[in-house]
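The primary structure of each chain is shown beneath.
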Amino acid sequence: MSHRKRSTALALALAPAFALASALAGPAVLLAAPAARAAVVDVAYACVTPIGDKSAVSPIDIKAVKEGAGYKLTMSFQKGVSSSPVELGKGAMSPSAVIQVGGAEKATVAVTGPPNPEAVPANTPIKITDLSGTYTPKKSGKVTFTAGVLTIKALGTTTTCTPGNGPGPSLELDVTGSGGAPEAPGAPEAPEALPQTGPTDSALALGTLGATVLLTGAAGVLWLTRRGGRARS
């Protein structure tokens, strides 16, 4: 048999095995992929600033990366919100926000970010740096992450921006909760601390009594000695 014929026969013989391996590997890859759904959501912020109320719309993106028992959340703003009547120098603005968790459990996650890396000109929408924080689920199931209140601190002032359009979740994720060690059913409560009356206190009492007797004995010896001295004189 020629080399080409032997190669063809070997390929035909191994084809079913390759097909079976592919069929088995396919579902495994699908099962390993995290069950998540992400979307960039337009959030209409109503901002209360030191110079009056302002409004702005920014698309918000929220991502999650597994870290140990929790997830690192990153909240990104694709457009600037609010503005300042004066220029904000580099590092003059500090942002923070809250991410609302819904679904399998209700919670809030505080996220913060670095100050503005560059100066922000006056009357220019303020670009918010990426904000991040850690979420550790306590319950298992499908949870959602939605943009919450944004806070901007700059030049000694505070601007609060609240989503006014009831935005939908930017991320939906299947999580496994950490749970917690349940309390043993019917476990008795710890008794209140009571005064100790055991051997330690007895020894202490005996020691005190012994010291008293010893002192009394020494005084008696001293008195007898003095009395004896007087008798002899």
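Given the structure is predicted, the values throughout are model-derived calculations rather than measurements.

## What about the nonpolar core?
Moving on, step 1. The biggest cluster of nonpolar side chains holds 33 residues, and the ones touching the most others in it are Tyr-45, Met-75, Ile-128, Tyr-135, Phe-145 and Leu-150.
Moving on, step 2. Elements with a contribution of two residues or more to this core: strand 2 (41–49), strand 3 (52–67), strand 4 (70–77), strand 5 (93–103), strand 6 (107–112), strand 7 (131–135), strand 8 (141–154) and strand 10 (171–175).
Moving on, step 3. With 6 residues, strand 8 is the single largest residue contributor to this core.

## Examining unusual backbone geometry
Both trends apply: most residues other than glycine have a negative phi, and most peptide bonds are in trans.
Moving on, step 1. Positive phi is not limited to glycine here, since Asn-123 has a value of about 55 degrees.
Moving on, step 2. Structurally, the position occupied by Asn-123 is in the loop between strand 6 and strand 7.
Moving on, step 3. Residue Leu-155 is not a glycine yet carries a positive backbone phi of 55 degrees.
Moving on, step 4. With respect to the helices and strands, the residue Leu-155 is situated in the loop between strand 8 and strand 9 (157–163).
Moving on, step 5. We classify Leu-155 as exposed; its relative accessible area is 56%.

## Regarding the environment of Ile-152
Moving on, step 1. Relative to the assigned elements, Ile-152 resides in strand 8.
Moving on, step 2. Looking at Ile-152, the relative accessible area reads 3%, which means it is buried.
Moving on, step 3. With 37 residues separating them along the chain, Ile-152 and Pro-115 place their C-alpha atoms 9.9 Å apart.
Moving on, step 4. With residues up to four places along the chain from it excluded, the contact list for Ile-152 reads Val-81, Ser-82, Met-93, Ser-94, Ile-128, Thr-157, Thr-158 and Thr-159.

## Notes on the pairing of strand 10
Moving on, step 1. The two faces of strand 10 differ: Leu-171, Leu-173 and Val-175 on one face are buried, but Glu-172 and Asp-174 on the other face are not.
Moving on, step 2. Across 3 bridges, strand 1 (residues 36–38) lies against strand 10 in antiparallel orientation. Bridged to Ala-38 within strand 10 is Leu-171.
Moving on, step 3. Of the pairings in the sheet, the one linking strand 8 to strand 10 comprises 5 bridges and is antiparallel in character. When the sheet's bridge partners are listed, Phe-145 is paired in strand 10 with Leu-171.

## A closer look at the state of the cysteines
Moving on, step 1. Per the stated rule, a full pass over the model turns up 1 disulfide.
Moving on, step 2. Residue Cys-47 pairs covalently with Cys-161 via a disulfide, S to S 2.1 Å. Between Cys-47 and Cys-161 the disulfide shows an S-S torsion of about 115 degrees. By sign, it is right-handed. Residue Cys-47 is located in strand 2, and its partner Cys-161 is located in strand 9; the two are separated by 114 residues in the primary sequence.
Moving on, step 3. For Cys-47, a relative accessible area of 2% corresponds to the buried category.
Moving on, step 4. Look at Cys-161 and you get buried, because its relative accessible area is 0%.

The rules we used
Residues numbered from 1 in each chain as written. Predicted model: local features only at pLDDT ≥ 70, side-chain atom pairs only at ≥ 80, totals over all residues. Heavy atoms only, no water. Core = buried A, V, L, I, M, F, W, Y, C linked by side-chain atoms within 4.5 Å. Buried < 20%, exposed > 50% of the residue type's maximum accessible area, 1.4 Å probe, protein only. Helix = DSSP H or I, 4+ residues; strand = E, 2+ residues; numbered from the N terminus. Contact = heavy atoms within 4.5 Å. Pairing = 2+ DSSP bridges. Disulfide = S-S within 2.5 Å.

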